[in-house]
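# Structure at a glance
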Amino acid sequence: MSTIQKLSTKHLLGIKYITEEDIHLIFETAKNFKEVINRPIKKVPSLRDVTIANLFFENSTRTKLSFELAEKRLSADVVNFSSSSSSVKKGESLLDTVNNILSMKVDMVVMRHPAPGAHFFLSQHIDANIINAGDGTHEHPTQALLDAFSMKERIGKLANKKILIVGDIMHSRVALSNIFCLQKLGAKVKVCGPPTLIPKNLAMLGVEVEYDLHKGLQWCDVANVLRIQLERQDIKYIPSLREYAQFYGIDKKLLDNLDKEIVLMHPGPINRGVELSSDAADSHHSIILQQVENGVAIRMAVLYLLASSRGGN
Amino acid sequence: MSRGRTILKSKPFNLTLERLSHQIIETYADFSEVCIIGIQERGVVLAERLLALIQNNSKQNNITFGKLDITFYRDDFRSRETPLKASQTDINFSLDGKKVVLIDDVLYTGRSVHAAMSALQDHGRASTIELVCLVDRRFNRHLPIKADYVGITVDSIDEAYVKVEWEHIDGADKVLLFTPKREQI
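The rules behind each value
- Residues numbered from 1 in each chain as written.
- Chains lettered and ligands numbered in written order.
- Predicted model: local features only at pLDDT ≥ 70, side-chain atom pairs only at ≥ 80, totals over all residues.
- Heavy atoms only, no water.
- Helix = DSSP H or I, 4+ residues; strand = E, 2+ residues; numbered from the N terminus.
- Expected span 1.5 Å × (residues − 1).
- Buried < 20%, exposed > 50% of the residue type's maximum accessible area, 1.4 Å probe, protein only.
- Pairing = 2+ DSSP bridges.
- Contact = heavy atoms within 4.5 Å.
- Salt bridge = Lys/Arg side-chain N within 4 Å of Asp/Glu carboxyl O.
- Domains from an automatic or database assignment.
- Buried area = accessible area lost by both parts, 1.4 Å probe.
- Polar contact = N/O pair within 3.5 Å; in protein donor to acceptor, adjacent residues only side chain to side chain.
- Nonpolar A, V, L, I, M, F, W, Y, C, P; charged D, E, K, R; others polar.
- Axes fitted to C-alpha atoms, helices over the stretch in contact; angles between N-to-C directions.
- Parallel < 35°, antiparallel > 145°, perpendicular 65-115°, else oblique.
- Left-handed = near helix turned anticlockwise from the far one by under 90°.
- 1 Å grid on protein atoms, 1.4 Å probe; cavity = no way out; pocket = protein on both sides within 12 Å on 5 of 7 lines; lining within 4 Å.
- Points joined across faces, edges and corners; volume = space filled by probe spheres on them.
- Disulfide = S-S within 2.5 Å.

### Notes on helix H5 (residues 141–155) of chain A
All names here are of chain A. Here H5 is 15 residues long and its end C-alpha atoms lie 21 Å apart, about the 21 Å a rise of 1.5 Å per residue gives. Burial within H5 is extensive, with 11 of its 15 residues counted as buried. When we look at burial in H5, the residues that qualify are Pro-141, Thr-142, Gln-143, Ala-144, Leu-145, Leu-146, Asp-147, Ala-148, Phe-149, Ser-150 and Met-151. Positive backbone phi, approximately 80°, marks Gly-156, located one or two places after H5.

Spelled out as structure tokens, the structure:
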């Protein structure tokens, strides 16, 4: 029972809107929750009077599962909603949908939405705490937090560490949130991928671009490999997946040929044989499964810290 | 708030710790099924001191020791302006069938102890739980909780504040009582 701390924000809309201190506070808290989820009884009663709605207007398996587990391990009441089975299909607006759900006395909203900025819009119209679980190609803050947390666990403080993000940077909300988060923690970030999948003005964020995968891997301490998001590509950006795999796929041989040990990460789901070969994904370089475990701890920390800013009833 | 008045000086303070350790040894004699658990953060300091005394006085060195953080179990979560910072919980053993000696520095409303007992349940079913506190503020309880081993008893009004200081942290072993000035009441 000591030093009282608080996040600087009421919502987690994106890494862009939080401070470095917030990130450290989330990490500190997540460390404690990681201990909780490794106990035989993986549950604490902190949020027993809080109701959380998970609104997923876009498909998700692991993020939804991870949030739901985090909520249940904090003893919150949980309601789930996915657009495929809802009145959104009948033409209801986002604000109406959410206001209807909030009238049932929901305290916090975890939302994934295909439109970038949907959370920001919502945060100006409703009272509940909003957590962004992915908005289009914009941000996916909890993923970036768990990535940085996992890196820190493996290689220590991130200041001046070199992180390479490989793959479909243009369509990736994970890439953008990662860039914001890693830079706030003082790391150096480069991206690597085919020119058609690198956004034009990336230099404005202070990020360098490397088109040669081998050079990029040689430079970095950690490689965060992203999935090719075919579902977001309305036109063809790459000739074929096979060609992509040949130039930007990482396999064990490539890793063994490097002068140093690097850490390999992937936010999932992996397309085995495309961006990562099976022998690389399952090698000792990879911390992919630790990322998933840390995901629950990070989400518990975010929910806990935001809920505590709500004040009494 | 006035400057603190020392109500337990270093010498009697250490005698009190010594007495508590002997009382605990008197109850348990054999410590193989006993575990000593301190409540984060100030309770852990007291627990470590008592553990050393108990080991020394009973000549038993393998006493199980743990640290318990109760932040996530507190019932005043969200009624506070700002959240409390959590500390580490370090209990890497099951409490099933163990005799738990739970230690906190000041017993006041009883809410911390209540939260601690819910937290302990998540680590297994202890056969017994006993409570040790260095300072018992007996007239300020909110819940029907009482300590089994008490260092000193302090009768004070609700607005007062009791602080336990430690030699290796604050420079001297002592207990201080802070009372508000008359016009502030």
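### Describing the pairing of strand E9 (residues 222–225) of chain A
Two faces make up the sheet, and in a regular strand the side chains alternate between them. All names here are of chain A. Because side chains alternate across E9, one face comprises the buried residues Val-222 and Asn-224, and the other comprises Ala-223 and Val-225, equally buried. Bridging between strand E6 (residues 162–166) and E9 involves four bridges; their strand directions are parallel. The residue bridging Val-166 from the neighbouring strand is Val-225, located in E9. Here E9 runs beside strand E10 (residues 263–265); their pairing, made up of three bridges, is parallel. The residue of E10 that forms the bridge with Asn-224 is Met-265.

### A closer look at the side chain of Glu165(B)
Residues and elements named next belong to chain B. Examined against the element boundaries, Glu-165 turns out to sit in strand E8 (residues 161–165). Assessed through its relative accessible area of 13%, Glu-165 is described here as buried. Leave out the neighbours within four places in its chain, and Glu-165 touches Phe-13, Asp-170, Ala-172, Asp-173, Lys-174 and Leu-176.

### A look at the pattern of salt bridges
Where charged atoms of side chains with opposite charge meet at close range, the side chains can pair. All names here are of chain A. Enumeration according to the criterion identifies 16 salt bridges over all chains in this entry. We note a salt bridge from Lys-252 to Asp-256, for which the minimum N-O separation is 3.7 Å. One end of the pair is Lys-252 and the other is Asp-256, both in helix H9 (residues 252–256) and four residues apart, which spans about a single turn. For Lys-252, a relative accessible area of 22% gives the class partly exposed.

### Observations concerning the domain arrangement of chain A
A common way to state how big an interface is: give the accessible area lost once the parts meet. Residues and elements named next belong to chain A. As assigned here, chain A comprises domain 1 (15–140 + 293–308) and domain 2 (141–291). One C-alpha centre belongs to domain 1, the other to domain 2, and the line joining them spans 25 Å. Tallying the contact residues gives 31 residues for domain 1 and 29 residues for domain 2. Between domain 1 and domain 2, roughly 2,600 Å² of surface is buried when both sides are summed, and carbon and sulfur atoms account for 62% of that area. Contact with domain 2 buries surface across domain 1, with Ile-15, Phe-27 and His-140 losing the most and accounting together for 27% of the total. Counting across the interface, domain 1 meets domain 2 through two salt bridges. Two residues, Glu-153 and Lys-34, come together in a salt bridge whose shortest N-O distance is 2.7 Å. Linking domain 1 to domain 2 there are 20 residue pairs in polar contact (both at pLDDT 80 or more). Element by element, the count of residues in the side of domain 1 that touches domain 2 is highest for helix H1 (residues 20–37), at eight residues. When the residues that make up the side of domain 1 that touches domain 2 are grouped by side-chain class, the tally is 11 nonpolar, nine polar and 11 charged.

### A few points about the packing of helix H1 (residues 10–28) of chain B against helix H2 (residues 42–58) of chain B
Residue and element names in this part refer to chain B. Direction vectors running N to C along H1 and H2 enclose 60°, while the axes themselves pass 9 Å from each other. Classified by the interaxial angle, the pair formed by H1 and H2 is oblique. Note on packing geometry: the crossing formed by H1 with H2 is right-handed. Counted together, Phe-13, Asn-14, Leu-17, Glu-18, Leu-20, Ser-21, His-22, Ile-24 and Ile-25 of H1 and Leu-46, Arg-49, Leu-50, Leu-53, Ile-54, Asn-57 and Ser-58 of H2 form the full contact between these two elements. Grouping the constituent residues of the contact of H1 with H2 by class yields nine nonpolar, five polar and two charged.

### Considerations on the sheet that holds E10(A)
All names here are of chain A. Read from one edge to the other, the open sheet built from five strands follows the order E8-E7-E6-E9-E10, with strand pairing classed as parallel. Whereas interior strands pair on both sides, the edge strands pair on one side only; in this sheet they are strand E8 (208–210) and E10. On average, each strand axis in the sheet is inclined to that of its neighbour by 25°, with strand direction left out of account.

### Re the layout of surface pockets
Empty pockets left among the atoms are what a rolling probe the size of a water molecule brings to light. Residue and element names in this part refer to chain A. Of the volumes computed, that of the second largest pocket is approximately 440 Å³. Lining the second largest pocket are 20 residues, and of these Arg-112, Arg-173, Arg-227, Gly-268 and Pro-269 sit closest to its centre. For the lining of the second largest pocket, the secondary-structure elements that each account for two or more residues are helix H2 (62–73) and helix H6 (173–184). Residues lining the lining of the second largest pocket come from more than one domain, with at least three contributed by each of domain 1 (15–140 + 293–308) and domain 2 (141–291).

### Some details on the state of the cysteines
Residue and element names in this part refer to chain A. Counted according to the given criterion, the structure contains zero disulfides over all chains. Cysteine Cys-181 is unpaired, with the sulfur of Cys-220 as its nearest cysteine sulfur at 17 Å. Summary of cysteine pairing: Cys-220 is not part of a disulfide, and the nearest cysteine sulfur, belonging to Cys-192, is at 9.3 Å.

### Some thoughts on the packing of H5(A) against helix H11 (residues 288–308) of chain A
All names here are of chain A. For the pair H5 and H11, the least separation of the axes is 8 Å and the interaxial angle reads 120°. When the axis of H5 is compared with that of H11, the two are oblique. Considering only the axes of H5 and H11, their crossing is right-handed. Facing H5, whose interface residues are Thr-142, Gln-143, Leu-145, Leu-146, Asp-147, Phe-149, Ser-150, Glu-153 and Arg-154, H11 presents Gln-290, Gln-291, Asn-294, Gly-295, Ile-298, Arg-299 and Val-302.

### Brief notes about empty space enclosed by the protein
All names here are of chain A. Within the structure shown, the criterion is met by four cavities of 30 Å³ or more. Its boundaries defined by the atoms lining it, the largest cavity holds a volume of some 90 Å³. Considering the residues around the largest cavity, the lining is formed by Arg-62, Ser-66, Gln-143, Leu-146, His-266, Pro-267, Ile-288, Gln-291, Val-292, Gly-295 and Arg-299. Those elements giving two or more residues to the lining of the largest cavity turn out to be H2, H5 and H11. Among the elements that line the lining of the largest cavity, the one with the most residues is H11, at five residues. When grouped by side-chain class, the residues that make up the lining of the largest cavity number four nonpolar, five polar and two charged.

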